[in-house]
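Listed below, chain by chain, are the residues.
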Amino acid sequence: MSDTTTAPTSPVALEAWFDLQCPDCFQALGDVRALRETYGDRLDVQLRHFPLAKHKHAYAAAQAAEEAFAQGKGWPYVEALLARTADLAERGEPLLLEIAGELDLDAEEFDTALIDGRHLLTVDADEAEGKAIKVTGTPTYVIGGERLDGGQSQEGLRERIEEIADRLLKG
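Notes on the structure in this doc start here. In this text the structure is predicted, and so the values were computed from the model without any measurement. (Residues numbered from 1 in each chain as written. Predicted model: local features only at pLDDT ≥ 70, side-chain atom pairs only at ≥ 80, totals over all residues. Heavy atoms only, no water.)

1. Overview of the pairing of strand 3 (residues 140-143)
Burial along strand 3 is two-sided: the residues Thr140 and Val142 and Tyr141 and Ile143 are all buried. As paired elements, strand 1 (residues 12-18) and strand 3 share four bridges and run antiparallel to each other. By the bridge assignment for strand 3, alanine 16 is matched with tyrosine 141. One ladder, built from four bridges, connects strand 3 with strand 4 (residues 146-149); its direction is antiparallel. Paired with isoleucine 143 across the bridge in strand 4 is glutamate 146. If you look at the hairpin formed by strand 3 and strand 4, you'll find two residues sitting between the two strands, and glycine 144 has a positive phi there, around 55°. (Buried < 20%, exposed > 50% of the residue type's maximum accessible area, 1.4 Å probe, protein only. Helix = DSSP H or I, 4+ residues; strand = E, 2+ residues; numbered from the N terminus. Pairing = 2+ DSSP bridges.)

Set out below in structure tokens:
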């Protein structure tokens, strides 16, 4: 009897370095959504935080997103938040809690998480790693060891990510 089973291939990781107050990151969501739909569980899209100093509420937004992931609705929260970047600039933390409520997340726990700083280390670690790999703007992607900068232009980025993902998946 021969064993012809093969181990399932692990998904390819795509790191999406975002500032959650960045309008360009909102524009990039369409590509991220399309990539997640095209590749399903073969592409592990990971949100990485790179809050830019020019965006006053981006750091708190990154912490809120981490709480949303902890509560099981990370990507829906990120999408809802990025759709309201202008509103976030004006309203700040109250908007973070409002969006949590709209998504039926525990808004009280969100508030507590923002106060106690339970996600600070995750955001700080992402920011430090981003600086180490020379992320300078958002959105930036890393796949297969290649850094693709979408801060200047997102033109052709999705196609380039697909080429790399296809190559890595064929292995």
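2. What about the nonpolar core?
Generally speaking, soluble globular proteins have nonpolar side chains that are buried together. Counting 40 residues, the largest nonpolar core has Phe18, Leu43, Tyr77, Leu96, Tyr141 and Ile143 as its most contacted members. The greatest single-element share of this core, amounting to six residues, is contributed by helix 1 (residues 23-39). Residues Trp17, Phe50, Leu52 and Val142 belong to the second largest nonpolar core, which totals five residues. (Core = buried A, V, L, I, M, F, W, Y, C linked by side-chain atoms within 4.5 Å.)

3. Describing the sheet that holds strand 4
Reading across from one edge, 2-1-3-4 is the order of the four strands in this open sheet, with mixed pairing throughout. Sheet topology places strand 2 (43-49) and strand 4 at the edges, where each strand pairs with a single neighbour. Recorded for the sheet is a direction-independent mean angle of 20° between the axes of neighbouring strands. (Axes fitted to C-alpha atoms, helices over the stretch in contact; angles between N-to-C directions.)

4. Some words on the side chain of arginine 48
Examined against the element boundaries, arginine 48 turns out to sit in strand 2. The exposure class assigned to arginine 48 is buried, which follows from its relative accessible area of 11%. Discounting chain neighbours no more than four positions away, the residues touching arginine 48 are Glu15, Ala16, Trp17, Phe18, Asp126 and Glu129. (Contact = heavy atoms within 4.5 Å.)

5. Digging into the packing of helix 1 against helix 8 (residues 157-170)
If you want to describe how two helices pack, look at the angle between their axes and the distance between the axes. Viewed as axis vectors pointing N to C, helix 1 and helix 8 meet at an angle of 25°, and their least axial separation amounts to 11 Å. As far as their axial angle goes, helix 8 and helix 1 are roughly parallel. Crossing handedness for the pair helix 1 and helix 8: right-handed. Every residue of helix 8 that contacts helix 1 at Asp31, Ala34, Leu35 and Tyr39 is listed here: Arg158, Ile161, Glu162, Ala165, Asp166 and Leu169. Looking at the contact of helix 1 with helix 8, its residues break down into six nonpolar, no polar and four charged. (Parallel < 35°, antiparallel > 145°, perpendicular 65-115°, else oblique. Left-handed = near helix turned anticlockwise from the far one by under 90°. Nonpolar A, V, L, I, M, F, W, Y, C, P; charged D, E, K, R; others polar.)

6. A short note on the environment of alanine 64
Position of alanine 64 relative to the elements: it lies in helix 2 (residues 58-70). Exposure remark for alanine 64: the relative accessible area of 1% places this residue in the buried category. Separated by 10 residues in the primary sequence, alanine 64 and glycine 74 place their C-alpha atoms 9.2 Å from one another.

7. Section: the packing of aromatic side chains
Under the defined criterion, the tally for this structure stands at three aromatic pairs. When the centroid spacing of 6.4 Å and the interplanar angle of 75° are considered together, the rings of phenylalanine 18 and tyrosine 141 count as edge-to-face. With phenylalanine 18 in strand 1 and tyrosine 141 in strand 3, this pair connects stretches of sequence that are 123 residues apart. Tyrosine 141 matches phenylalanine 18 in its accessibility class, with the two residues each being buried. Ring centres 6.0 Å apart and planes at 85° place the aromatic pair phenylalanine 69 and tryptophan 75 in the edge-to-face group. The class for phenylalanine 69 is partly exposed, based on a relative accessible area of 30%. Accessibility expressed as a relative area gives 9% for tryptophan 75, which makes it buried. (Phe/Tyr/Trp six-rings, centres within 6.5 Å; stacked < 30°, edge-to-face > 60°.)

8. Some points on helix 2
If you check helix 2, its first and last C-alpha atoms are 18 Å apart, about what 13 residues at 1.5 Å a residue would give, namely 18 Å. Summarising burial for helix 2: 10 of the 13 residues are buried, a large majority. For helix 2, every residue scored as buried is listed here: Ala58, Ala60, Ala61, Ala62, Gln63, Ala64, Ala65, Glu66, Glu67 and Ala68. Taken together, the buried residues of helix 2 touch strand 2, helix 3 (74-82), helix 4 (85-91), helix 5 (93-102), helix 6 (107-116) and helix 7 (120-132). Note on helix 2: the residue one or two positions beyond its end, glycine 72, has a positive phi of about 90°. (Expected span 1.5 Å × (residues − 1).)

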